Amino acid sequence: MKRFSITPFAVILPLVFIVLILLGLTMRANQGELIQVDPQLFYAIMTLHGLGMAGTAAVGGLTALAYLLLRYVNLNTKLVYFLLFSYLITVVGLISATLLGHFGPGWYVLYPLPFKPMGVWPNWSIGLAIVSLIVLGVAILLIQLEFFRACVARYGLKNSLGWQFFTGSGEYVPPLVIITVDAVVLPGVITTLVGAALLMLYFVKWLNPSTELDPLLIKNMIFIWGHTLVNITMYMGVAVVYELFPEFSGRPWKSNKFVALAWNATFFIVLLAVFHHLYMDFVQPLPLHITGQTFSYLAAVPSTVVTVTGFISQVYKSGMRWSFVPLSFFLGILGWLIGGYAAVIDSTIVVNNQFHNTLWVPAHFHTYFLIGFYLILWGFLFYAMGSKRESLAKLGLASYVLGGVGFLSMFYVGGAFGVPRRYAEYSMIPVESLSHLAQILPKIAVVFIPYVLVGFLLIFISILGGSGREVQRV
Ligand code: HEM
């Protein structure tokens, strides 16, 4: 059995998270005109915060799955450390490109960004950001391939995807975490390859600025990569809950044909819902818009239905003790559902006409990350470190969730009234009443953010109270 120490992950990921929250606080305080940040620096901070939060979540999810998969399959653990090493290189590269070079096109960019406008950020910062993302992308691709290889080696292709429930052959039923992981890792591999092709195109353009790229193609590639990565990160969190929750409820959470069907359907849905990002591109063929809306609606059904019904049967009359880990898992799943349904609302074409690029967009993805996926990750780290500091962690959780809900509500209110996203200064909004409202909301949000920060510090201290739990081979 290969050894795997969770401790470096449990120290580094939360430390980066704290810095990223401080950057978020800076942005919101600037939007509320409580401090003054130069607009160029604001956009550099926004880029670092967005890329950092999405990247840290992906690395956290993959780490958690590696730890849990080791119970069942033989993974090459060197690749998990390689992931951490690559992540650190990327963090240093992105901090340099953004905070030193003021590279600030945003976490996703619309071509001809990040190459134009020329001179706003230096050419080296563009190259450094591209190379940094390539480094992390390669590590993410390798670990996903390793997960798939290891699961297929132990269970076979058909069994590890849960197909034996439909073909009637093969009675070897793998644990639920295996079926879920394979169904989310495969779209992850496909779309990481799209991301790799995109970054190579950027790299060529950076080396040879006269290269012309097709803006629509680039936009489609960005969203196929980015949308899928953040979606499967959330699903990784759900897989963690499937695997660990039964240890607290005392009831098994087994694979069955409904769950297998749901996650196999999710494989296709996650790939096809992406087109809801592209409604504004009228040159896009109409069937793609229809595909986007249809599959976004479908996304709200299979994985959520099997998870919610599974959750109810885990909890109902179980008499379980709600310690920090199951509590953070429960709240994390709730955050996923609320943020997910807010996303489905925005994926409706007529609604998207109003909400597109308003604060509704950050509202929904902050919900399923801040009080969704990340809560599950903190619960996992608490478990894997074997911490016993229950009271401190629960106090932290209460403060974190209270602060999170208050902070997020201001994004939702802003979005519902049409406040645009990615504005450094709301005084620039030409409609006076909207500009006025837009400036009040961040002032309220800023009162809540310290609760998230302090709450998280308490959770972090309690995570560090453990010394690391050995992986139990099943
Ligand atoms: C208390 C914690 C957080 C605070 C205070 C915060 C604050 C902010 C603010 C003010 C913005 C700019 C919104 C706009 O005007 O467009 C933003 C954008 C963003 N945040 Fe957060 N955030 C937090 C947590 C998170 C988490 C957990 C994630 C996880 C993925 C995240 C990911 C992003 C992304 C991807 C963007 C978009 C950047 C872009 O448009 O390029 N944030 N955040």
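For the structure itself, look to the data block above.
Described below are features of the structure shown in this document.

Calculation rules
- Residues numbered from 1 in each chain as written.
- Predicted model: local features only at pLDDT ≥ 70, side-chain atom pairs only at ≥ 80, totals over all residues.
- Heavy atoms only, no water.
- Helix = DSSP H or I, 4+ residues; strand = E, 2+ residues; numbered from the N terminus.
- Buried < 20%, exposed > 50% of the residue type's maximum accessible area, 1.4 Å probe, protein only.
- Contact = heavy atoms within 4.5 Å.
- Areas by Shrake-Rupley, 256 points an atom, 1.4 Å probe, with all protein chains shown as cover.
- Lys, Arg positive; Asp, Glu negative; His and termini not counted.
- Charge placed at Lys NZ, Arg CZ, Asp CG, Glu CD.
- Donors = N, O, S within 2.8 Å, 3.2 Å for Na, K, Ca; no water.
- Tetrahedral: all angles 85-135°; square planar, octahedral: opposite > 155°, others 65-115°.
- Salt bridge = Lys/Arg side-chain N within 4 Å of Asp/Glu carboxyl O.
- Axes fitted to C-alpha atoms, helices over the stretch in contact; angles between N-to-C directions.
- Parallel < 35°, antiparallel > 145°, perpendicular 65-115°, else oblique.
- Left-handed = near helix turned anticlockwise from the far one by under 90°.
- Nonpolar A, V, L, I, M, F, W, Y, C, P; charged D, E, K, R; others polar.
- Near = heavy atom within 4 Å.
- Polar contact = N/O pair within 3.5 Å; in protein donor to acceptor, adjacent residues only side chain to side chain.

To continue, consider the overall build of the chain. Counting secondary structure elements, the chain contains 16 helices and zero strands. Considering only C-alpha atoms, the chain reaches an extent of 60 × 50 × 40 Å along its principal axes. For the chain, with 474 residues in total, the buried portion stands at 59%. Sequence-distant contacts, at least 24 apart, represent 81% of the contacts inside the chain between residues at least 6 apart. Total accessible area on the chain is roughly 18900 Å²; 72% of this is exposed by carbon and sulfur atoms. Treating the 24 positive side-chain charges of the chain as one cloud and the 15 negative ones as another, the clouds have centres 13 Å apart.

A few words on the coordination of the iron atom of the ligand. Taken together, the protein donors to the iron atom of the ligand comprise His49 (NE2) and His366 (NE2), at separations of 2.0 Å. Coordination at the iron atom of the ligand is octahedral, judged from the six donor atoms that bind it and the angles of 87 to 179° they form at the metal. Of the two residues, His49 sits in helix α2 (residues 39-69) while His366 sits in helix α14 (residues 360-384), which places them 317 residues apart along the sequence. An identical accessibility class is assigned to His49 and His366; each is buried.

One pass over the full model with this rule turns up four salt bridges. A salt bridge links Lys219 to Asp281; the nearest nitrogen and oxygen atoms lie 2.8 Å apart. Of this pair, Lys219 sits in helix α8 (residues 215-249) while Asp281 sits in the loop between α9 (257-272) and α10 (286-299), and the two are 62 residues apart along the sequence. Linked by salt bridges that have partners in common, Arg71, Glu243 and Glu247 make up one network.

The subject of this paragraph is the packing of helix α7 (residues 176-207) against α8. Between α7 and α8, whose axes approach to 8 Å, the crossing angle comes to 155°. Classed by the angle they form, the pair α7 and α8 counts as roughly antiparallel. Where α7 crosses over α8, the two elements pack in a sense that is left-handed. Tallied by class, the residues present in the contact of α7 with α8 amount to 20 nonpolar, six polar and one charged.

The next subject is the site of the ligand. Gln31, His49, Trp107, His366 and Arg422 are the nearest of the 24 residues found near the ligand. For the ligand, an oxygen atom lies 2.7 Å from a polar atom in the backbone of Trp107. Sorting the residues of the shell around the ligand by element identifies α1 (7-31), α2, α14, α15 (390-417) and α16 (432-464) as the ones contributing at least two each. Counting residues per element, the shell around the ligand draws most heavily on α1, at six residues.

This brings us to the side chain of Thr291. Structurally, Thr291 is set in helix α10. Within the structure, the side chain of Thr291 is placed 2.6 Å from the backbone oxygen of Pro287, a separation counted as a polar contact.

The subject of this paragraph is unusual backbone geometry. The peptide bond linking Tyr111 to Pro112 adopts the cis configuration, its omega dihedral lying at 15°. With respect to the helices and strands, Pro112 occurs in the loop between α3 (78-100) and α4 (123-155). Residue Leu113 is joined to Pro114 through a cis peptide bond whose omega torsion reads 5°. Along the chain, the position of Pro114 falls in the loop between α3 and α4. Within the chain, Asn357 stands out as a residue other than glycine whose phi angle is a positive 55°. Tracing the backbone shows Asn357 in the loop between α13 (349-355) and α14. Residue Asn357 is classed as partly exposed on the basis of its relative accessible area of 37%.

It is worth stressing that arrangement in space is one thing and function is another; only the former is reported here.
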